[in-house]
Amino acid sequence: MCTQIGDLSEETLPQLFATARKNLLNIENHDARTSDDYKLLIDTTIETLERISLVVGSLHLFSENEEMDEVSTESIKFLLTSAFQGFIHQHHYDYQSRRSYLLIAREYYKDFHHICEVYKLAKPFEMTLDRMSNPVTQNNRAEKIYKAKQKKELEEKIAVLEKRDDIDEDVQRDIYISMVRLWVMRCEDEVYNINSELPILEHMEKMRNGEVAPLKPPKVKAMKPFILVKSEQQKRVFGAGYPSLPTMTLDEYYDKELKRIVDEQNNAEKPGPEPEDPDEETEESLAKARAWDEYRDTHKRGWGNRHNRS
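These numbers come from a predicted model, not from an experiment. (Residues numbered from 1 in each chain as written. Predicted model: local features only at pLDDT ≥ 70, side-chain atom pairs only at ≥ 80, totals over all residues. Heavy atoms only, no water.)

Draft legend 1. Structural view of the overall build of the protein. In terms of regular secondary structure, the protein is built from 10 helices and four strands. Counting helices and strands in the order they occur from the N terminus, the protein gives β-β-α-α-α-α-α-α-α-β-α-β-α-α. Split into buried and exposed, the 310 residues of the protein put 31% on the buried side. For the protein, the accessible area works out to roughly 21800 Å², and carbon and sulfur atoms hold 52% of it. (Helix = DSSP H or I, 4+ residues; strand = E, 2+ residues; numbered from the N terminus. Buried < 20%, exposed > 50% of the residue type's maximum accessible area, 1.4 Å probe, protein only. Areas by Shrake-Rupley, 256 points an atom, 1.4 Å probe, with all protein chains shown as cover.)

This is the structure in structure tokens:
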């Protein structure tokens, strides 16, 4: 079946799909997203996908009352139409209207995911997740890594199968189903990203309209100075020469930073402790004070590294 594109070209539905897929790769890898070339690529691909969607809808290629085995091999790839439309709108060049385009993109992604659930190519997915409600933690990091690995394996599988010379219907069907499964995972990731970006865009829009005041940057607690050295030997040298400044090796510094990050993550997942009385002295604070007094009694200022001094 043929469908008209403009006044000068006529392509079949599979040819239109191949063009749209090629354009998507060019858009994803484009390095000048404010250029006229990029804008033309976006506009023509949106038009191409709209024409594909109209033809697919008029042919009634998909139904919620059938199984995947009932769908013809050549029809499977057109399941991706809504996913491609979501991708194009998500990467639109009109940044002034970005919020509107992201909302449109999310609806396309939802439509795609729904039809994939019907055909058992996707599991139910919570479409409202974002970085606030579902941040990356120690608990779900392994799941995200596993999902990224699956995506990579599917990409490699598709690339290998498409290079084969003997692509029969079974192989072609495997390629199309793998493409759909890959885009299901991409869809879930992109909806998560969109949900996370929308509140930021909404806040920026309110700031432009004068509805809210700009957020003030948080006060950062100044770090106490210390000398960072590469080894225990340097630590002994610099520590003796500058007794008023603490020293630590790179390994100690990395361990300290890692412990701080882990502690912050753990504290974020449980209620904070009761506020302590700042004037209350604990055994630990008294011990530290005594140790510091003893150190100052035995290590006078300037004592230690007296090399080349008369």
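Draft legend 2. Region of interest: the pattern of salt bridges. A complete count under the given rule lists 12 salt bridges for this structure. Put simply, Glu-47 and Arg-51 hold a salt bridge, and the shortest N to O gap is 3.4 Å. Here Arg-51 and Glu-47 lie together in helix α2 (residues 36-59), a separation of four residues that amounts to about one turn. In this structure Glu-47 comes out as partly exposed when scored by relative accessible area, which is 36%. (Salt bridge = Lys/Arg side-chain N within 4 Å of Asp/Glu carboxyl O.)

Draft legend 3. Spatial organisation of the nonpolar core. Counting residues in hydrophobic clusters, the biggest one holds 53 residues, and the most contacted among them are Ile-52, Phe-112 and Val-180. Where this core is concerned, the elements lending two or more residues are α1 (13-28), α2, α4 (81-90), α5 (98-118), α6 (138-162) and α7 (169-208). Here the element with the most residues in this core is α7; it accounts for 15 residues. (Core = buried A, V, L, I, M, F, W, Y, C linked by side-chain atoms within 4.5 Å.)

Draft legend 4. Spotlight on the packing of α1 against α2. For the pair α1 and α2, the least separation of the axes is 9 Å and the interaxial angle reads 145°. Judged by the sense of rotation from one axis to the other, the crossing of α1 with α2 is left-handed. On the side of α1, the interface is formed by Leu-13, Leu-16, Phe-17, Ala-20, Asn-23, Leu-24, Asn-26 and Ile-27, while α2 contributes Tyr-38, Leu-41, Ile-42, Thr-44, Thr-45, Thr-48, Leu-49, Ile-52, Val-55, Val-56 and Leu-59. Looking at the contact of α1 with α2, its residues break down into 14 nonpolar, five polar and no charged. (Axes fitted to C-alpha atoms, helices over the stretch in contact; angles between N-to-C directions. Left-handed = near helix turned anticlockwise from the far one by under 90°. Contact = heavy atoms within 4.5 Å. Nonpolar A, V, L, I, M, F, W, Y, C, P; charged D, E, K, R; others polar.)

Draft legend 5. Layout of the side chain of Ser-82. Tracing the sequence through the fold places Ser-82 in helix α4. Look past the residues within four positions of Ser-82 in its chain and what remains in contact with it is Tyr-108, Asp-111 and Phe-112.

Draft legend 6. Up close: the packing of aromatic side chains. The tally for this structure, following the rule as stated, stands at five aromatic pairs. Note on Phe-17 and Phe-78: the rings are 5.6 Å apart at their centroids and 80° apart in plane angle, and the pair reads as edge-to-face. With Phe-17 in helix α1 and Phe-78 in the loop between α3 (73-76) and α4, the pair connects residues that are 61 residues apart, well separated along the chain. Using a relative accessible area of 5% as the deciding quantity, one classes Phe-17 as buried. Ring geometry for Phe-17 against Phe-84: centres 5.5 Å apart, planes inclined by 25°, an arrangement best described as stacked. Here Phe-84 lies in helix α4 and Phe-17 lies in helix α1, a separation of 67 residues in the sequence. A relative accessible area of 1% places Phe-84 in the buried class. Grouped by ring-pair contacts, the aromatic residues Phe-17, Phe-78, Phe-84, Phe-87 and Trp-183 constitute a single cluster. Between the NZ or CZ atom of Lys-144 and the centre of the ring of Tyr-192, over which it lies, the distance is 4.8 Å. Note that Arg-186 overlies the ring of Trp-183, its terminal NZ or CZ placed 4.3 Å from the centroid. (Phe/Tyr/Trp six-rings, centres within 6.5 Å; stacked < 30°, edge-to-face > 60°. Lys NZ or Arg CZ within 6 Å of the ring centre and 35° of its normal.)

Draft legend 7. Region of the structure containing the environment of Glu-64. Tracing the sequence through the fold places Glu-64 in the loop between α2 and α3. Note on Glu-64: relative accessible area 51%, which makes it exposed. Considered as a pair, Glu-64 and Tyr-119 are 55 residues apart in the sequence and their alpha carbons are 7.8 Å apart. In contact with Glu-64, other than residues within four places in its own chain, are His-114 and Val-118.

Draft legend 8. How the structure looks around the side chain of His-91. Looking at the element boundaries, His-91 is found in the loop between α4 and α5. We classify His-91 as buried; its relative accessible area is 16%. Not counting residues up to four positions away in its chain, the partners in contact with His-91 are Ile-27, Arg-33, Tyr-38 and Ile-42.

Draft legend 9. Molecular detail of α2. Counted at 1.5 Å a residue, the expected span for α2 with its 24 residues is 34 Å, and the 35 Å between its end C-alpha atoms agrees. Burial in α2 covers these residues: Tyr-38, Leu-41, Ile-42, Thr-45, Ile-46, Thr-48, Leu-49, Ile-52, Val-55 and Val-56. Positive backbone phi, approximately 55°, marks His-60, located one or two places after α2. (Expected span 1.5 Å × (residues − 1).)

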